[in-house]
Amino acid sequence: TKDGEYLLDGTTLTLEQIVEAVKKSRVDEPDVRAIIAADKDVEYGKVIDLIDVIKLNGIEKFALNIVRKERIVQ
């Protein structure tokens, strides 16, 4: 969130709790994928920390969910 909180399926978690959730997800579904969304005002480093946690704990496939700006045509 823009306040620096991490959410997983709508529940606020710490990075440590996300590690455990990622590990469990990998056991339940070895080919699990993550979708990461962040408020545009989130500090870049927080997103990188999350990506690192996900990748270091076995989820290699992830996508970044973005809101596209309208294309400006000149």
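Reading the values: rules and limits
- Residues numbered from 1 in each chain as written.
- Predicted model: local features only at pLDDT ≥ 70, side-chain atom pairs only at ≥ 80, totals over all residues.
- Heavy atoms only, no water.
- Helix = DSSP H or I, 4+ residues; strand = E, 2+ residues; numbered from the N terminus.
- Expected span 1.5 Å × (residues − 1).
- Buried < 20%, exposed > 50% of the residue type's maximum accessible area, 1.4 Å probe, protein only.
- Arc of directions from axis to C-beta.
- Contact = heavy atoms within 4.5 Å.

> Mind showing me how you'd approach helix α2 (residues 44-56) here?
What sets the pattern is the α-helix's 3.6 residues per turn: residues three or four places apart point alike. Spanning 13 residues, α2 covers 18 Å between terminal C-alpha atoms, matching the ideal 18 Å at 1.5 Å per step. Of all the positions in α2, only Val-47, Leu-50, Ile-51, Val-53 and Ile-54 are classed as buried. The buried residues of α2 occupy one face: seen down the axis, they fall within an arc of 160°. Opposite the buried face of α2, by more than 90 degrees, sit the exposed residues Tyr-44 and Leu-56. Following α2 by one or two positions, Gly-58 has its phi on the positive side, about 105°.

> Which parts of the structure should I look at to understand helix α1 (residues 15-28)?
Here α1 spans 20 Å end to end across 14 residues, near enough to the 20 Å set by a 1.5 Å rise per residue. Within the sequence span of α1, burial applies to Ile-18, Val-19 and Val-22. Looking straight down α1, one finds that the buried residues subtend no more than 110° of arc, so they occupy a single side. Turned more than 90 degrees away from the buried face of α1, the exposed residues are Glu-16, Lys-24, Val-27 and Asp-28. Where the residues of α1 are buried, they touch β1 (6-8), β2 (11-13) and α2.

> I would appreciate a short explanation of the environment of Gly-10 in the present structure.
Among the secondary structure elements, Gly-10 is positioned in the loop between β1 and β2. For Gly-10, a relative accessible area of 65% gives the class exposed. Spatially, the C-alpha atom of Gly-10 lies 12 Å from that of Ile-36, the residues being 26 residues apart in sequence.

Interpretation note: all reported values are geometric properties and have no functional meaning in isolation.
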